[in-house]
Structures are given as structure tokens and as C-alpha cells.
There are 2 protein chains.
Amino acid sequence: MPSDTPQPAFVLVRPQMGENIGAAARAMWNFGLDRMRIVAPRDGWPNQKAVAMASGAGRLLDEAQLSATLADSLEDCDFVFATTARPRELTKPVYSPEAAMKLAAEKTAAGQKVAVMFGPERAGLENEDVARANAIITVPVNPEFASLNLGQCVLLTAYEWRRQVEEVVDVTTDLGKSDWANHADVDALVNHYEGRLEEAGFFFPPEKAPGMKVVFRNLFSRLPLTRADVQMLHGVMRQMVRWKEKRD
Amino acid sequence: MPSDTPQPAFVLVRPQMGENIGAAARAMWNFGLDRMRIVAPRDGWPNQKAVAMASGAGRLLDEAQLSATLADSLEDCDFVFATTARPRELTKPVYSPEAAMKLAAEKTAAGQKVAVMFGPERAGLENEDVARANAIITVPVNPEFASLNLGQCVLLTAYEWRRQVEEVVDVTTDLGKSDWANHADVDALVNHYEGRLEEAGFFFPPEKAPGMKVVFRNLFSRLPLTRADVQMLHGVMRQMVRWKEKRD
């Protein structure tokens, strides 16, 4: 069963190679989309090459809604996007993938059925297909080199869908199994180093020692250290001392 | 020659299949990136399968910087991202592709050399590779199904790069060869229809005619019509009249 999250259907119009249908299914499911529609696939349906390529996303193919005509496929839709790179002599709003999926998220959340059409591999959508759309999506590619294939176009659109509906965190820091070191941890570390370095004659000449210690303490305070980092740095110093004591 | 626009280098670390190296080159050049580095490709270099797959982006392969080790490849870099899906026991900031490419755009604009590492097809980057990075990029995929391949990961990162550096227009409307109709155009159209519909007995009964005319005018005023649309609607009415006159 498709998930019941509101989401657009992705409609593959007259797709040619089974591999590309399978790749499209994987691209969709990578970003949590699982409602595929297929119109007049060139090599019939089901397609074993599609199944082989889809691997973990094979469910999307099993559940795909197959239609003989685009009109049948879009019948229940309230709003339809057409993905196309070529400029058309059709008056129609052209959305970036981001703006399109933002609108799709608003519409699906309000209970509307939204579809996104993707054309066949070689030629893309025909003007007659695009004329059925409420709006166009164009990926902002390099004007000198626009060569996105079907799977890539599905991937980028699905990626933008997820960006619009998921709380994507811009930056996080993975602490592994540790925590950030607090002030006491860093203080103990600096004191440990300072004591040993004092013994080792690091703070020399004596009149410069106070300034050197401030610079030294500041260095460690500035670094984003975890508790695990602090433990390792303690270990470094202990080991240096052990090594020194062996040589005595 | 690579373009002289500030941009990050994309570093393919121990890539396996030539096809994927070629696909990565195409994905990059689709979004205007043309500085590829390759570290220890499994099947040697140059690679004919890579060339065949790259088609129009073959220049990136010719100009790619080949290195035997990752350390050599990253030697001149000021800031390095590692793309990886797996959580690591390494304390390191994790960026979304968007936030990462925003930071990359800032750094490259300030004259820094930025690199983005992509791991080999099966296993991805090793911990030893990731340990060389200043930060991690993780694509926010479906936790139930994360199966991005090398080319897809390059594609999404390159797409986000272009989003950060290009002025991407959210919505435009392609008018084809026409212009928006102005008030006078719509007024003339409504008057044309109103006159003919009056003759045809459309506004009936007479006491309701004024209200019906307001509703009728409002309909056309509300629509985003182009001059071409208006001409076509004039033609529709003229043709209906012609047809009626023939039958008389």
C-alpha cells in the first residue's frame, strides 16, 4: 500500500527503457515518494528490467497506476506540473523545482491531488502533453550543457519535495558517543598540561611565563572540544611523561 | 581549460566503474562545475567507459587532476567536505547539501579552495578519508530507503551549488510570442461578445441582463489573458457568427 502522507503522484509519460522506470522508482522512494503513474510504457507492463533496477523500491512498480492515455492518468488531479527544459510557445507559469514542490506541498496539504509529469527519455514531453499542465517545472541547468535524463529529473524533483516537507537541519555536529567538554573539563586539562610543561621548562624565560600561560589557556578554550577529545589529550600528556620517565 | 569562476573541486575517491565517473562529469557540467579530481581509480586512467558516458562533458575528464593518494589530491585545499550517509564516530559538523554549498560559495568567493569528496560506489568513504574533512555533507534521504549512487550524490550536490550561486527565478510565465492583454484589449473583447450575445438572446430575461453582463465581464477580467488569447477568443465568436449566418 502506498503511504497515506499527502504527496504528489509522479507520472512517467511514455517511458522507454525499463531501467529508467526502475531508476525513477528508486529516486522517488529515496525521498519518501511512493505514488507512481505510468502512461503507455513503450515495452509494455510489467517490465522485468524495471523490476531489476528498482531493487528495494519495487513496491512502487507493483502499485503503479498504469494508463493507456495521459488524459486517463490525470483524470482525478487538481493541479498538474509538466517538467520540461525546452521553452514552449505555451503561456504557462514556469516554476523552479523548489518553488514547484513548495506549491505542491501546500496543495496536497489542503487535500488537492497534484501530479508531476515526466516525458520520455529522448524527446521529453510533447506540446500536447504540456498543454494539459497547469504549470511547468524547469531545472536551472547550465545553458551550455543541459543533459538531465529521466531518472535525474525525477531525483531532483523528489529531493525538492522532501526539502519542502521535512524539517531539514542545515548544520548539526555529530558528537559520536561523547559530549561537549564543559569549562571544568577544559580547566582541568589546561592545569594538567600547565603543570607538566612547567616541570619540563616550557614556560621560559620566567618573566614571559604568565603571558605564555594565558595564550596557552586561550588556545584550549577556543577549540570545540568534546569530553572524548579532552580524555585523549590527557592521555597524550600522560604518555609523554611516562616515556620521559622510562628514559631517565 | 576549466572555467575561472570560483567553484569547489569534486574529488572522486577510488571510483570503481568508468560509467559512474562519466556520469559524475555530466552531472557536474549540467550545473556549471568543471573541476574534477580523481584519486586512485580502480580501473586505471584514462578510462574509455568514462569517456563514452561523459559525452558532452568529456572535457572534464581530460582536465581531471589524477592523484595516487587522497592526501596528494587535497594538498592545496583550504576546506574539505566529505559526502557520507552513514553516521560516524567522528566529531564533525554535518551540513545539508544546501547549507554546505552556501558555505562553499562564501569560501570560494573569498578566494579559498574548497573540495567535496565522494566515496567509491559500494562502500562509500572510509573513516580515514572522512577524518581528512573539515565537515560532512549528508543528503536528507528517506531513512527507510537510502540508496543514492555516486552519480546521484554528485548531481544533488552540484544542483545545490548552482542554486547558491545562480539567481534562480522561482516562478516566471513564458508568454510565447505574445504579451499580456491590457484593459483595452479585454474591454474590446467583452464588448464584442456582449454585442453578439445580445443579438443571440443570451441575456434573458431583460431584467436580469445588467447583472448577467457584470458577471460576464468579470469572468474575462479575472483571467490572465494574453493578446494572443484575446485574438483567439475574438476568432471563436466571429466563427460562431459566420456559422450561424451560413445556416440562415
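Residues numbered from 1 in each chain as written. Chains lettered and ligands numbered in written order. Predicted model: local features only at pLDDT ≥ 70, side-chain atom pairs only at ≥ 80, totals over all residues. Heavy atoms only, no water.

What follows is about the pairing of strand β1 (residues 9-13) of chain B. Residue and element names in this part refer to chain B. For β1, a buried count of five out of five residues is recorded, marking the element as mostly surrounded by other parts of the structure. Side chains Ala 9, Val 11 and Val 13 of β1 all project onto a buried face; the interleaved residues Phe 10 and Leu 12 project onto the opposite face, where all are buried too. Pairing geometry for β1 and strand β6 (residues 114-118), over four bridges, is parallel. Residue Leu 12 lies in a different strand from β6, and its bridge partner there is Phe 118. When β1 meets strand β2 (residues 36-39), the two strands line up parallel, connected through four bridges. For Phe 10, the partnering residue across the bridge sits in β2 and is Met 36. In this fold, β1 hands off to helix α1 (residues 18-30), which returns the chain to β2; that crossover is right-handed. (Buried < 20%, exposed > 50% of the residue type's maximum accessible area, 1.4 Å probe, protein only. Helix = DSSP H or I, 4+ residues; strand = E, 2+ residues; numbered from the N terminus. Pairing = 2+ DSSP bridges. Right-handed = clockwise from strand over helix to strand, strands pointing away.)

Next up on the list: helix α8 (residues 183-199) of chain A. Residue and element names in this part refer to chain A. For α8, spanning 17 residues, the distance from its first C-alpha to its last is 24 Å, which sits close to the expected 24 Å at 1.5 Å a residue. Inspection of α8 places Asp 185, Val 186, Leu 189, Val 190, His 192, Tyr 193, Glu 194 and Leu 197 among the buried residues, and these make up the whole buried set. Two or three places before Ala 184, at the start of α8, stands the capping residue Asn 182, its side-chain oxygen 3.1 Å from that residue's backbone nitrogen. Downstream of α8 by one or two residues, Gly 201 has phi in the positive range, about 80°. (Expected span 1.5 Å × (residues − 1). Polar contact = N/O pair within 3.5 Å; in protein donor to acceptor, adjacent residues only side chain to side chain.)

This brings us to the domain arrangement of chain A. Considered domain by domain, chain A is made up of domain 1 (9-165) and domain 2 (183-247). Once you take the C-alpha centre of each, domain 1 of chain A and domain 2 of chain A turn out to be 60 Å apart. (Domains from an automatic or database assignment.)

Moving on to unusual backbone geometry. All names here are of chain A. With omega at -5°, the peptide bond leading from Phe 204 into Pro 205 counts as cis. By the element assignment, Pro 205 lies in the loop between α8 and α9 (209-222). In this structure, Ala 40 takes a positive phi of about 45° despite not being glycine. Examined against the element boundaries, Ala 40 turns out to sit in the loop between β2 (36-39) and α2 (48-54).

Next up on the list: the relation of the copies chain A and chain B. Mapping chain A onto chain B calls for a rotation angle of 180° and an axial translation of 0.0 Å; the resulting RMSD is 0.1 Å. Such a turn and shift between the copies fits a two-fold axis. Most of the interface of chain A is mirrored in chain B, where 100% of its interface residues again form contacts. (Least-squares fit on C-alpha atoms with pLDDT ≥ 70 in both. Contact = heavy atoms within 4.5 Å.)

Residues and elements named next belong to chain A. The N-to-C vectors of helix α5 (residues 97-109) and helix α7 (residues 150-165) enclose an angle of 55°; their axes lie 8 Å apart at closest approach. Overall, the two elements α5 and α7 adopt an arrangement that is oblique. Crossing angle aside, the handedness with which α5 passes α7 is right-handed. Of α7, the residues touching α5 (which contributes Pro 97, Glu 98, Met 101, Lys 102, Ala 104, Ala 105 and Thr 108) are Thr 157, Glu 160, Trp 161, Arg 163, Gln 164 and Val 165. Classifying every residue of the contact of α5 with α7 gives six nonpolar, three polar and four charged. (Axes fitted to C-alpha atoms, helices over the stretch in contact; angles between N-to-C directions. Parallel < 35°, antiparallel > 145°, perpendicular 65-115°, else oblique. Left-handed = near helix turned anticlockwise from the far one by under 90°. Nonpolar A, V, L, I, M, F, W, Y, C, P; charged D, E, K, R; others polar.)

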